[in-house]
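Listed here are the chains, written in short residue letters.
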Amino acid sequence: GPPAAKKSKSMEGQEQDRTNSEDMLVLPEAMVTHAGVRMPVMIYGTAWKKERTEAMVAMALAAGFRGVDTAAQPKHYYEAGVGMALKAAFEANRLRREDMFIQTKVNRNHAAELSPGMPIAAQVARSVAQSLSNLGVDYVDSLVLHSPYKDDEDTM
């Protein structure tokens, strides 16, 4: 017969029926940020994949992921591999850029290595430019400062 029904509380405290076969958490496909950007609730993380990055991102896109997270931090991320997977999907008309949510991060140490002795704003600008080039896109949907600077004024 059908699975036995369970009762669970919704976020509002109302009881809801769900069956044993529905023990998986069901998430909405996307949400809209305060800035009005549509963001998938599940984003594929690309750290520590090294030479497998392109293939693994391609598999994630084929599986339905429409968000990817990467960073301008070569020690842990291969941003260009993410870009190669995106380029292949775009060129094969499997995806359009506007269907994707792309997030990258500025790593303050890597940014300083790219532009030694330059003001922080110039280091960040160069890091972002390199990320856009690595990813093969004109914009990212989310840019995160990977870690704060020692001085709050520099961070802000």
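Scroll up to find the structure.
Residues numbered from 1 in each chain as written. Predicted model: local features only at pLDDT ≥ 70, side-chain atom pairs only at ≥ 80, totals over all residues. Heavy atoms only, no water.

## Here we look at the overall build of the protein chain
Then comes step 1: Looking only at helices and strands, one finds 5 helices and 8 strands in the protein chain.
Then comes step 2: In the protein chain, the succession of helices and strands from N to C terminus is β-β-β-β-β-α-β-α-β-α-α-β-α.
Then comes step 3: The contacts in the protein chain between residues at least 6 apart in sequence include a share of 57% that link residues at least 24 apart.
Then comes step 4: For the protein chain, the exposed area adds up to about 10,200 Å²; of that, 56% sits on carbon and sulfur atoms. (Helix = DSSP H or I, 4+ residues; strand = E, 2+ residues; numbered from the N terminus. Contact = heavy atoms within 4.5 Å. Areas by Shrake-Rupley, 256 points an atom, 1.4 Å probe, with all protein chains shown as cover.)

## Regarding the nonpolar core
Then comes step 1: Ranked by internal contacts, the top residues of the largest apolar core, which has 15 residues, are V57, L61, V68, L86, M100 and I102.
Then comes step 2: Among the elements of the structure, α1 (53-62) and α2 (79-91) are those that each provide at least two residues to this core.
Then comes step 3: At 5 residues, α2 tops the list of elements feeding residues into this core.
Then comes step 4: Every residue in contact with L61, bar those within four places of it in the chain, is listed here: R66, A85, L86, A89, L95 and M100. (Core = buried A, V, L, I, M, F, W, Y, C linked by side-chain atoms within 4.5 Å. Buried < 20%, exposed > 50% of the residue type's maximum accessible area, 1.4 Å probe, protein only.)

## Digging into the sheet that holds strand β5 (residues 44-45)
Then comes step 1: In spatial order, the strands read β5-β6-β7-β8; together these 4 strands make up an open sheet with parallel pairing. The sheet terminates laterally at β5 and β8 (142-145), the two strands that pair on one side only.
Then comes step 2: With 2 bridges joining them, β5 and strand β6 (residues 67-69) adopt parallel strand pairing. Residue G45 lies in a different strand from β6, and its bridge partner there is D69. (Pairing = 2+ DSSP bridges.)

## Some details on the side chain of T46
Then comes step 1: As for its placement among the helices and strands, T46 is situated in the loop between β5 and α1.
Then comes step 2: Using a relative accessible area of 0% as the deciding quantity, one classes T46 as buried.
Then comes step 3: Side-chain polar atoms of T46 contact the backbone oxygen of D69, separated by 2.7 Å.
Then comes step 4: Reaching out from T46, the side chain makes a polar contact with the side chain of T70 at a distance of 3.3 Å.
Then comes step 5: Residues in contact with T46, not counting those within four places in the same chain, are T53, V57, D69, T70, H76, Y77 and V82. (Polar contact = N/O pair within 3.5 Å; in protein donor to acceptor, adjacent residues only side chain to side chain.)

## Quick notes on the pairing of strand β7 (residues 101-106)
Then comes step 1: Among the 6 residues that make up β7, 6 are buried, leaving the element largely enclosed by the rest of the structure.
Then comes step 2: Along β7, one buried face is formed by F101, Q103 and K105 and the opposite face, lined by I102, T104 and V106, is buried too.
Then comes step 3: Regarding topology, α2 serves as the crossover connection from β6 to the parallel β7, and that connection is right-handed.
Then comes step 4: Pairing of β7 with β8, which is carried by 4 bridges, proceeds in the parallel orientation. Paired with K105 across the two strands is V144, which belongs to β8. (Right-handed = clockwise from strand over helix to strand, strands pointing away.)

## Digging into helix α4 (residues 120-135)
Then comes step 1: Under the 1.5 Å per step criterion, the end-to-end length of α4 is 22 Å for 16 residues, consistent within 8% with the ideal 22 Å.
Then comes step 2: Among the residues of α4, those classed as buried are Q123, S127, S131 and L135. The buried residues of α4 occupy one face: seen down the axis, they fall within an arc of 95 degrees. In this structure, α4 carries A121 and S133 as exposed residues pointing more than 90 degrees from its buried face.
Then comes step 3: Each element contacted by the buried residues of α4 is listed here: α2, β7 and α3 (108-114).
Then comes step 4: G136 sits one or two residues past α4 and shows a positive phi near 70 degrees. (Expected span 1.5 Å × (residues − 1). Arc of directions from axis to C-beta.)

Limitation: the analysis is restricted to geometry and does not speak to function.
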